[in-house]
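Commentary on secondary and tertiary structure
Chain residues, written in single-letter form:
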Amino acid sequence: MTKLVTIAVGALLGLGLTGAVVGLVLSLLVILVLGIIVLASGEGVPMIYNIRSLTQRGWTTGVTAAGLALVVCIFAVVLMTTNGVRTTLKATGSSENAKILRKGTQNEIQSGMLPEQLRLLGAAPETAIGKDGHGLASAELVVLIYAVKQNAKSEEDGTNLTVRGVGPLGLELHPPHALDGSMFKAGSSEIMVGKGLVGRYPGARLGEKMHFARRDWNVVGVMDHGGSAYDAEIWGDVDQFEDAFQRRPAFSSVTLKLKDAAALQTLRTRMESDPQLNTLEVKREVDYWSAQSEQLSLFVQYLGLFVAAIFSFGAILGAMITMYAQVAARTREIGTLRALGFQQRAVLVSFVIESVLLALGSAAIGLIGATAAQLLRFSTVNWQTFSEVSFHLHLTPGIVFASIVFAMVMGYAGGLLPALRASRLSIVAATKGG
Amino acid sequence: MSAIIEVRDVKKTYHRGNQPIPVLDGIQLSIEQGAFEALMGPSGSGKTTLLNLIAGIDRPTSGQVIVGGEDITHFSEGDLATWRARHVGFIFQFYNLLPVLTAFQNVELPLLLTKLGKAERQKRVETALRVVGLEDRMHHYPRELSGGQEQRVAIARAIVTDPTILVADEPTGDLDRKSAEEILKLLSLLNTKFNKTIVMVTHDPAAAQAAKIIRRLDKGRLAEETRPSA
């Protein structure tokens with residue numbers, strides 16, 4: 001019985017929501033047609049009337065604009081966050097490289113491989129040959145460490161950081177955009193940290209020491225990988241890490257440079273037919289990193305848009321209350337306009353435009369807030385890898401456009417009913433202010 | 001002289017719930033081109049309702065209202081709005097200026113519904129404001145004007161399109177005596193010098209003296225007609 005009620009309520013809500021959206025879209029089309037008619041016939045109420053009316057009633061306009069601006073800012077930041085996560089992880093890796101992991105694993109943390117497999121992959125004809133005549137293939141060990149944040153008040157205030165052990169070819173396959181300091185020396189306790197970690201974790205600065213795996217590690221370089229996921233990693237010698245983390249002889253993955261674009265499919269076929277390699281799976285490196293962003297970016301997007309939807313509902317109500325108040329306060333003016341000969345549709349379009357103008361002004365304020373958010377660097381845990389992903393927010397033209405459209409829809413939804421009321425006022429009663 | 005306004009057996013009934021409230025009961029009225037008529041009567045006599053019907057902002061329950069040879073009784077809402085813009089100049093008791101627009105912009109409003117270009121509109125607005133003696137206040141907002149000046153701006157707005165008729169609902173009702181006299185003089189001037197047809201509703205017998213004909217309504221019927229100047 002309870003289940004039936006739940007289904008019925010769910011169906012009603014779904015129908016109601018669908019009806020509201022369909023109604024909104026249809027009414028928008030009608031208003032657009034009316035707007036075109038009004039503008040083409042030159043019978044529109046002058047827009048200066050709407051703009052001055054908004055600015056004259058500063059307090060109510062200001063409160064509504066603040067609410068709308070906040071929602072637009074949230075909406076933009078959600079899109080910027082999603083975009084930030086995607087861009088960071090998609091910017092990681094090269095399309096010329098292949099990433100090999102054990103079959104059935106989702107990421108390098110779960111994967112495990114053996115030295116013999118590295119040897120076979122390095123010798124595969126699909127692998128590009130380096131200057132020394134050897135195949136450009138690098139075994140990498142990827143381990144998570146728990147690191148307490150700088151100035152943390154408790155041990156619980158920390159996160160998982162990715163430690164990547166790379167071989168001598170590692171930097172050739174993943175060259176950083178810039179390196180402050182130097183490359184770690186093979187066989188030493190030297191490490192390099194990504195620029196996203198600098199100052200945020202104890203010892204994560206050039207010349208300082210980090211402590212993990214029961215050892216101190218000297219930070220000799222700070223890597224700038226151009227905002228990719230590597231900027232939130234710690235890199236060191238793969239042999240040293242295998243010992244320190246007691247993983248020898250296993251490592252996590254192999255990254256290799258492909259001889260040419262078609263080599264990936266040939267390599268995949270070869271691996272399938274080789275009993276020593278058919279337990280492995282090969283992907284283009286950029287595709288691997290792109291896949292790593294999917295769950296997190298989708299979650300951020302859905303959660304963020306859900307929050308934005310709830311807030312926008314409130315903002316639409318706010319806009320509606322403001323516009324109803326505007327209509328009530330300006331009843332005599334509306335009646336006068338109608339008496340002078342302005343058509344019902346002109347009044348309707350005029351008030352919808354006013355509400356949309358209010359929303360556009362609010363969008364500008366909200367986007368200023370979103371612009372300020374670009375100065376910040378955010379980090380979160382990517383559940384697919386259980387490691388930190390650190391990223392900047394970027395306000396792209398697409399996000400600006402989407403935010404403006406979102407604001408206009410809110411303004412339209414909030415202004416439609418009050419505008420309808422304004423256009424339908426009795427002229428006789430309205431000219432007397434009633 | 002020919003009749004510019006003809007009201008033929010007009011009845012108007014409002015409803016409060018199921019209760020019919022008759023306001024006008026078979027009005028017959030003919031107003032000539034160039035007339036200046038005052039409608040008087042006690043509250044509830046139907047004078048403002050009659051004015052609203054003539055101005056095309058209300059509709060009769062039955063009968064016909066013919067203005068300038070056009071029967072406006074069955075006009076659609078849109079046609080009526082277009083007709084008002086062309087043929088009716090409104091003067092309200094509380095001026096009904098848009099407070100966020102300047103005097104110039106208020107007067108220009110009805111002209112926005114015409115095909116006139118900006119330069120021609122400007123010329124006409126300046127002329128209208130000159131007629132009412134406010135050409136030096138055209139860039140002032142209503143809040144910067146006195147009540148009498150606001151009403152003169154409203155009159156400029158009413159005449160700027162050169163409408164067929166001017167309808168004034170208690171045009172001096174919110175003014176002091178001196179301002180009221182100025183407004184009545186202005187209306188008389190518009191009637192005598194510019195031959196505008198004016199229908200004015202007023203409670204004020206002194207104001208009604210400015211009209212050429214005073215018609216009294218009582219309980220929805222025309223009771224008597226007097227000519228103050230005669």
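Rules behind the numbers
Residues numbered from 1 in each chain as written. Chains lettered and ligands numbered in written order. Predicted model: local features only at pLDDT ≥ 70, side-chain atom pairs only at ≥ 80, totals over all residues. Heavy atoms only, no water. Helix = DSSP H or I, 4+ residues; strand = E, 2+ residues; numbered from the N terminus. Rg over C-alpha atoms; globule rule 2.2 N^0.38 Å. Buried < 20%, exposed > 50% of the residue type's maximum accessible area, 1.4 Å probe, protein only. Contact = heavy atoms within 4.5 Å. Areas by Shrake-Rupley, 256 points an atom, 1.4 Å probe, with all protein chains shown as cover. Lys, Arg positive; Asp, Glu negative; His and termini not counted. Charge placed at Lys NZ, Arg CZ, Asp CG, Glu CD. Buried area = accessible area lost by both parts, 1.4 Å probe. Salt bridge = Lys/Arg side-chain N within 4 Å of Asp/Glu carboxyl O. Phe/Tyr/Trp six-rings, centres within 6.5 Å; stacked < 30°, edge-to-face > 60°. Expected span 1.5 Å × (residues − 1). Domains from an automatic or database assignment. Axes fitted to C-alpha atoms, helices over the stretch in contact; angles between N-to-C directions. Parallel < 35°, antiparallel > 145°, perpendicular 65-115°, else oblique. Left-handed = near helix turned anticlockwise from the far one by under 90°. Nonpolar A, V, L, I, M, F, W, Y, C, P; charged D, E, K, R; others polar. Pairing = 2+ DSSP bridges.

Let us now look at the overall build of chain A. The helix and strand inventory of chain A stands at twelve helices and twelve strands. In summary, chain A has a C-alpha radius of gyration of 30 Å against a globular reference of 22 Å for 434 residues, an excess of more than 25%. Considered along the principal axes of its C-alpha atoms, chain A spans approximately 90 × 55 × 50 Å. In chain A, which comprises 434 residues, the share counted as buried stands at 49%. For chain A, contacts bridging at least 24 residues in sequence account for 78% of all contacts bridging at least 6. Total accessible area on chain A is roughly 19800 Å²; 66% of this is exposed by carbon and sulfur atoms. Here chain A holds 36 positive side-chain charges and 32 negative ones, and the gap between their average locations is 13 Å.

Let us look at the interface of chain B and chain A. Across the boundary between the two partners, chain B contributes 29 residues, which contact 24 residues of chain A. Roughly 2300 Å² of surface becomes buried between chain B and chain A when both sides are summed, with 61% attributable to carbon and sulfur atoms. Taken together, chain B and chain A are joined by two salt bridges. Put simply, Asp169 of chain B and Lys432 of chain A hold a salt bridge, and the shortest N to O gap is 3.0 Å.

Before going further, it helps to examine the packing of aromatic side chains. Residue and element names in this part refer to chain A. A complete count under the given rule lists ten aromatic pairs over all chains for this structure. Ring geometry for Phe75 against Phe406: centres 4.0 Å apart, planes inclined by 10°, an arrangement best described as stacked. Here Phe406 lies in helix α11 (residues 397-423) and Phe75 lies in helix α3 (residues 58-90), a separation of 331 residues in the sequence. For the pair shown, Phe75 and Phe406 are each scored as buried. A ring pair is formed by Phe212 and Phe245, whose centres lie 6.1 Å apart and whose planes are at 20°; its orientation type is stacked. Note that Phe212 is positioned in strand β6 (residues 209-212) and Phe245 in the loop between α6 (238-244) and β9 (253-257), a separation of 33 residues in sequence. Of the two residues, Phe212 and Phe245, both sit in the buried class. Aromatic ring contacts, followed pair by pair, group Phe212, Trp217, Phe241 and Phe245 into a single cluster.

Next up on the list: helix α5 (residues 147-159) of chain B. Between its first and last C-alpha, α5 of chain B extends 19 Å over 13 residues, near the 18 Å set by a 1.5 Å rise per residue. The buried count for α5 of chain B comes to twelve of 13 residues, which makes it a mostly enclosed element. Within α5 of chain B, burial applies to Gly148, Gln149, Glu150, Gln151, Arg152, Val153, Ala154, Ile155, Ala156, Arg157, Ala158 and Ile159 of chain B. Tucked into the core, α5 of chain B has its buried residues touching α9 (331-340) of chain A together with β6 (88-91), α3 (103-108), α4 (118-131), β7 (165-169) and α6 (177-192) of chain B.

Many descriptions give the size of an interface as the accessible area lost when the pieces come together. Here the domain parsing of chain A yields domain 1 (39-90 + 294-431) and domain 2 (104-278). Between the C-alpha centres of domain 1 of chain A and domain 2 of chain A there is a distance of 46 Å.

All right, on to the packing of α5 of chain B against α6 of chain B then. All names here are of chain B. α6 packs onto α5 with a crossing angle of 15° between their chain directions and a minimal axis gap of 9 Å. One element, α5, and the other, α6, form an angle in the roughly parallel class. α5 and α6 meet at a crossing whose hand is right-handed. Counting all contacts with α5, which are made through Gly148, Gln151, Arg152, Ile155 and Ile159, the residues of α6 involved are Ser179, Glu182, Ile183, Leu186, Leu187 and Leu190. Residue classes in the contact of α5 with α6 are distributed as six nonpolar, three polar and two charged.

Residue and element names in this part refer to chain A. With respect to the helices and strands, Ser273 occurs in helix α7 (residues 263-273). Assessed through its relative accessible area of 57%, Ser273 is described here as exposed. Taking C-alpha positions, Ser273 is 42 Å from Trp217, a pair spaced 56 residues apart along the chain.

Here the focus is the sheet that holds strand β5 (residues 70-71) of chain B. Residues and elements named next belong to chain B. Taking strand neighbours across the sheet as the criterion, the four strands line up as β2-β1-β4-β5 in an open arrangement whose pairing is antiparallel. Two strands lie at the open edges of the sheet, namely β2 (19-32) and β5, each paired on one side alone. Packing of helix α1 (residues 47-55) onto the sheet brings it into contact with β1 (3-16), β2 and β4 (62-67), and relative to β2 it is tilted by some 60°.

Another point: the sheet that holds strand β3 (residues 36-40) of chain B. Residues and elements named next belong to chain B. One open sheet accounts for six strands, arranged β6-β7-β8-β3-β9-β10; its pairing is mixed. The two strands at the open ends of the sheet, each matched to only one other strand, are β6 and β10 (221-226). Direction aside, the axes of adjacent strands within the sheet are offset by 20° on average. Where strand β9 (residues 213-218) lies against β10, five bridges are found, and the strand directions are antiparallel. What sits directly across from Arg215, in β10, is Glu225. Here helix α2 (residues 77-87) sits on the sheet in contact with β6 and β7, set at roughly 80° to β6.

Our next topic: the packing of helix α2 (residues 47-56) of chain A against helix α10 (residues 344-373) of chain A. All names here are of chain A. Two numbers describe how α2 lies on α10: the axes approach to 10 Å, and their chain directions differ by 50°. Taken together, the axes of α2 and α10 are oblique relative to one another. For the element pair α2 and α10, the recorded crossing hand is right-handed. Where α2 abuts α10, its residues Met47, Asn50, Ile51, Ser53 and Leu54 lie against Ser350, Phe351, Ile353, Glu354, Leu357 and Leu358. When grouped by side-chain class, the residues that make up the contact of α2 with α10 number seven nonpolar, three polar and one charged.

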